[in-house]
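Each chain, written out:
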Amino acid sequence: MTDQSMTGQGMTDQGCYPCGTEARFAGLPPRERIAFDEHWRVVHAIGTALPGWLVLLPRRHVTAVHDLTDAEAATLGAWQVRLSRALRSVTGCDKSYVAQFAEAEGFSHVHFHIVPRPPGLPQERRGPGVFAMLGRPEGEWVTDGEADGMARELRAHLRPGPPR
């Protein structure tokens, strides 16, 4: 992917974590490229204590939902549903949540959180409270090995690709 296709402006957004990882796409571990097409890439969230917390990223730099192209928008809903179904199959979650904010430092790149809500999740961690599962002490994080294993399981449930 060229710098121009990542930013649409001919230069890489140096402070953008998703664009930095996209630039290294071919060498990314399973957790950073669970599934992808020409518009979207699915990754396991970093710094989460909840296995299966996924992030759906546009493969070019975009900072607002209204700036998605029609082609990106056309497959967004299909990706969200496919990921939710795969999470249910792999994690046994009761539901999945979908959220988009793109406000954190280094993460202004549009991204959609697809979050499994497992059975037995305490009431205070349901709905918006699930975000308390991010930013937990490092010892509580899903390990890279666990995230890679989750990525492999999810891949098996995500074939074939989204409708075009």
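Because the structure is predicted, anything quoted here is derived from the model rather than measured. (Residues numbered from 1 in each chain as written. Predicted model: local features only at pLDDT ≥ 70, side-chain atom pairs only at ≥ 80, totals over all residues. Heavy atoms only, no water.)

Draft legend 1. View of the pattern of salt bridges. All chains considered together, the criterion is met by 8 salt bridges. Ionic pairing is found between R41 and E22, a salt bridge with its closest N-O pair at 2.9 Å. Placement of R41 in strand β2 (residues 40-44) and of E22 in helix α2 (residues 17-22) is noted, with a sequence separation of 19 residues between them. Accessibility assignment for this pair places R41 and E22 in one class, buried. Ionic contacts of the salt-bridge type, sharing partners, join the residues E22, E32, R41 and R59 into one network. (Salt bridge = Lys/Arg side-chain N within 4 Å of Asp/Glu carboxyl O. Helix = DSSP H or I, 4+ residues; strand = E, 2+ residues; numbered from the N terminus. Buried < 20%, exposed > 50% of the residue type's maximum accessible area, 1.4 Å probe, protein only.)

Draft legend 2. Fine view of the packing of helix α3 (residues 70-91) against helix α4 (residues 144-157). At their nearest, the axes of α3 and α4 sit 9 Å apart, and the two run at 120 degrees to each other. Considering their axes alone, α3 and α4 lie oblique with respect to each other. Seen along the crossing, α3 lies across α4 with a hand that is right-handed. For the pair α3 and α4, the contacting residues are A86, L87, S89, V90 and T91 in the first and M150, E153, L154 and H157 in the second. Looking at the contact of α3 with α4, its residues break down into 5 nonpolar, 3 polar and 1 charged. (Axes fitted to C-alpha atoms, helices over the stretch in contact; angles between N-to-C directions. Parallel < 35°, antiparallel > 145°, perpendicular 65-115°, else oblique. Left-handed = near helix turned anticlockwise from the far one by under 90°. Contact = heavy atoms within 4.5 Å. Nonpolar A, V, L, I, M, F, W, Y, C, P; charged D, E, K, R; others polar.)

Draft legend 3. Structural context of the packing of aromatic side chains. Counted by the stated rule, this structure contains 5 aromatic pairs. Ring centres of Y17 and F107 lie 5.3 Å apart, and the angle between their planes is 40 degrees; this geometry places the pair in the tilted category. With Y17 in helix α2 and F107 in the loop between β4 (95-99) and β5 (112-117), this pair connects stretches of sequence that are 90 residues apart. Taking relative accessible area as the criterion, F107 reaches 28% and is therefore assigned partly exposed. Ring centres of W53 and F131 lie 5.3 Å apart, and the angle between their planes is 85 degrees; on these two criteria the pair is classed as edge-to-face. Here the residue W53 occupies a position in the loop between β2 and β3 (54-58), and F131 occupies one in the loop between β5 and α4, the gap between them amounting to 78 residues. Since its relative accessible area comes to 0%, W53 is described here as buried. Cluster of aromatic residues (ring-pair linked, three or more members): W53, F101 and F131. Here R33 stacks its cationic end above the ring of F25, 4.4 Å away from the centre of that ring. (Phe/Tyr/Trp six-rings, centres within 6.5 Å; stacked < 30°, edge-to-face > 60°. Lys NZ or Arg CZ within 6 Å of the ring centre and 35° of its normal.)

Draft legend 4. A look at the side chain of H113. Residue placement: H113 occurs in strand β5. The class for H113 is buried, based on a relative accessible area of 9%. Separated by 2.8 Å, the side chains of H113 and W53 make a polar contact. With residues up to four places along the chain from it excluded, the contact list for H113 reads W53, L54, V55, Y97, V98, A99, F131 and L134. (Polar contact = N/O pair within 3.5 Å; in protein donor to acceptor, adjacent residues only side chain to side chain.)

Draft legend 5. Broad picture of the side chain of H44. Among the structural elements, H44 can be located in strand β2. Among the residues examined, H44 registers a relative accessible area of 3% and is labelled buried. Only 2.8 Å separates the side chain of H44 from the backbone nitrogen of G52, close enough to count as a polar contact. Look past the residues within four positions of H44 in its chain and what remains in contact with it is R31, I34, L50, P51, G52, W53, L54, V142, A147 and M150.

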